[in-house]
Amino acid sequence: MTQCNQNEFSFAPHFSRQVSARFSERQLSTEGGALLLRETDRKIGLLSRVKNCFSDHRQPWLIEHQLGELLA
């Protein structure tokens, strides 16, 4: 069985706020999944890999938001 001894994970700052995840608190939030995905994207380029799985058949002159922006 794997044992984790790290109680806190720090993320990249969000605007002017420092963001961290602590697993020792009694009250938990389920909103942290988006932060984990953002960090994964920064580390391994997750969104660019996912974006390459799609074909964008929209008319280029009518596009307001690129596919990567929509996925993000």
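Provided above is the structure to which this section pertains.
None of these values were measured; they are calculated from a predicted model.

Some points on the overall build of the chain
Next up, step 1: When helices and strands are tallied, the chain shows three helices and two strands.
Next up, step 2: Scanning the chain from its N terminus toward the C terminus, one meets helices and strands in the order β-β-α-α-α.
Next up, step 3: Looking at the chain residue by residue over its 72 residues, the buried ones come to 7%.
Next up, step 4: Within the structure as shown, the chain displays about 6900 Å² of accessible surface, and the carbon and sulfur contribution to it stands at 53%.

Re a nonpolar patch on the surface
Next up, step 1: A contiguous nonpolar surface patch, about 230 Å² in accessible area, is contributed by Val50, Phe54 and Leu71.
Next up, step 2: Among the structural elements, Phe54 can be located in the loop between α2 (46-51) and α3 (67-71).

Some points on the environment of Ala12
Next up, step 1: Relative to the elements of secondary structure, Ala12 occurs in strand β1 (residues 8-14).
Next up, step 2: For the pair Ala12 and Arg42, spaced 30 residues apart in sequence, the C-alpha separation works out to 9.6 Å.
Next up, step 3: For Ala12, the residues in contact, after removing those within four places along its chain, are Val19, Arg38, Glu39 and Arg42.

Things to note about the pattern of salt bridges
Next up, step 1: The full count for this structure, using the stated rule, is one salt bridge.
Next up, step 2: Notably, a salt bridge pairs Arg58 with Asp56, separated by 2.8 Å at the nearest N-O pair.
Next up, step 3: The exposure class assigned to Arg58 is partly exposed, which follows from its relative accessible area of 33%.

About the thresholds
- Residues numbered from 1 in each chain as written.
- Predicted model: local features only at pLDDT ≥ 70, side-chain atom pairs only at ≥ 80, totals over all residues.
- Heavy atoms only, no water.
- Helix = DSSP H or I, 4+ residues; strand = E, 2+ residues; numbered from the N terminus.
- Buried < 20%, exposed > 50% of the residue type's maximum accessible area, 1.4 Å probe, protein only.
- Areas by Shrake-Rupley, 256 points an atom, 1.4 Å probe, with all protein chains shown as cover.
- Patch = residues over 30% accessible without salt bridge, like charges linked within 9 Å, V, L, I, M, F, W, Y side chains within 5 Å.
- Salt bridge = Lys/Arg side-chain N within 4 Å of Asp/Glu carboxyl O.
- Contact = heavy atoms within 4.5 Å.

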